[in-house]
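Here are the chains, one letter per residue:
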Amino acid sequence: MPPAGRPSPERDGPRPERAGPLLTQRAAVVFLLAALAGVGATVLSALAGDVWPVAVSVGGGTAASAVLFFREIID
C-alpha cells in the first residue's frame, strides 16, 4: 500500500516519459553568460566603492540586460 497522500501506481497508470531536457543548450549558455556578466559587474561595482546593495542591484540589472543581449546574438 502506498504512503498516505500518494496515489497508487495501479490507479495512476503508466507515467509518460519526459519529452526532453529542462533547458536547451542555447538557453543554458545564455543564462551562464548572463550570470557571469552580472557577477563581474557586481564585483567591479563593489571594488569601485559602492555599498553591497547598490553593487548587487547593478549586477542584477546587468544580468537582465545580458540575457536580452546574448539571446539575440547566440544562434
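Everything numeric in this text was worked out from a predicted model, so none of it was measured. Residue positions within a chain follow its written sequence, with the count starting from 1. In keeping with the model being predicted, local features are shown solely for residues with a pLDDT of at least 70 and side-chain atom pairs are shown and tallied solely at 80 or more, while totals for entire chains, interfaces and linings include all residues. As a rule here, side-chain values cover all heavy atoms of the structure and leave hydrogens and water aside.

**Quick word on the pattern of salt bridges**
Formally: Every case where a carboxyl oxygen of Asp or Glu lies within 4 Å of a side-chain nitrogen of Lys or Arg is listed as a salt bridge. Per-residue accessibility, obtained with a 1.4 Å probe over protein chains only, is compared with the maximum for each type, and a residue is labelled buried under 20%, exposed over 50%, and partly exposed between these values.
With the rule as written, the count across this model stands at 1 salt bridge. Glu-72 serves as the salt-bridge partner of Arg-71, at 3.6 Å between the closest nitrogen and oxygen. You can call Glu-72 exposed: its relative accessible area is 61%.

**A closer look at the environment of Ala-55**
Counted only if it meets this: Every helix listed is a DSSP run of H or I at least four residues long, and every strand listed is a run of E at least two residues long, numbered separately from the N terminus. Only heavy atoms enter the contact rule, under which two residues are in contact if any of them lie within 4.5 Å.
Inspection of the secondary structure assignment puts Ala-55 in helix H3 (residues 52-73). Through-space distance from the C-alpha of Ala-55 to that of Leu-44 is 8.1 Å; in sequence the pair is 11 residues apart. Once residues lying within four places of it in the same chain are set aside, the contact partners of Ala-55 are Thr-42, Ser-45, Ala-46 and Asp-50.

**Here we look at the side chain of Thr-42**
Its location among the elements puts Thr-42 in helix H2 (residues 25-47). On the basis of relative accessible area, Thr-42 is assigned to the buried category, the value being 14%. Setting aside chain neighbours within four positions, we find Thr-42 in contact with Trp-52, Ala-55, Val-56 and Gly-59.

**Describing H2**
The cut-off we apply is this: By definition here, a helix of n residues has an expected span of 1.5 Å times n minus one.
Taking 1.5 Å of rise per residue, 23 residues should cover 33 Å, and H2 covers 33 Å from first to last C-alpha, within 8% of that figure. Within H2 the residues assigned to the buried category are Val-30, Ala-34, Gly-38, Ala-41, Thr-42 and Ser-45. Looking at the buried residues of H2, the elements they touch are H3.

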